[in-house]
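# An overview of the molecular structure
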Amino acid sequence: MKSLSPMQMYASCKSNSDDLVMAHLGLVKRVALHLKARIPAFMELDELVQVGMIGLLEASRAFDPAKGVEFENFAHSRVRGAMLDEVRRL
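This section reports on the structure supplied with the text.

## Details of the overall build of the protein
When its secondary structure is counted, the protein shows four helices and zero strands. Taken from the N to the C terminus, the helices and strands of the protein come in the order α-α-α-α. Taken across its 90 residues, the protein has 29% of its residues classed as buried. A fraction of 64% describes how many contacts in the protein between residues 6 or more apart in sequence connect residues 24 or more apart.

## Looking at the packing of helix H2 (residues 25-36) against helix H3 (residues 45-62)
Contact geometry for H2 and H3: axes closest at 9 Å, N-to-C directions at 135 degrees. Here H2 is positioned oblique relative to H3, judged by the angle of their axes. Between H2 and H3 lies a crossing whose hand is right-handed. Between H2 and H3, the contacting residues are Leu 25, Val 28, Lys 29, Ala 32, Leu 33 and Lys 36 on the first element and Leu 45, Leu 48, Val 49, Gly 52, Met 53 and Leu 56 on the second. Looking at side-chain class alone, the contact of H2 with H3 contains nine nonpolar, one polar and two charged residues.

The rules behind these values
- Residues numbered from 1 in each chain as written.
- Predicted model: local features only at pLDDT ≥ 70, side-chain atom pairs only at ≥ 80, totals over all residues.
- Heavy atoms only, no water.
- Helix = DSSP H or I, 4+ residues; strand = E, 2+ residues; numbered from the N terminus.
- Buried < 20%, exposed > 50% of the residue type's maximum accessible area, 1.4 Å probe, protein only.
- Contact = heavy atoms within 4.5 Å.
- Axes fitted to C-alpha atoms, helices over the stretch in contact; angles between N-to-C directions.
- Parallel < 35°, antiparallel > 145°, perpendicular 65-115°, else oblique.
- Left-handed = near helix turned anticlockwise from the far one by under 90°.
- Nonpolar A, V, L, I, M, F, W, Y, C, P; charged D, E, K, R; others polar.

See the structure below:
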């Protein structure tokens, strides 16, 4: 059995994370549009999408498939939470 070098292990994890983010970009827009109708008018849609992208990136780094949760469900709660935290902060 061939062992992977640390750089190879990092590359495989990084590409998996990038793939998750790219596959779920639409999720951020959907969540932002859904929340936009329910929050104060001072919050712009673009700001929500920006904060949601940060939440998606954090979700892709923190995701552990061994826990038995699908990434989409995990990312949805992280993205929505990031957006709501930003609204509360402002």
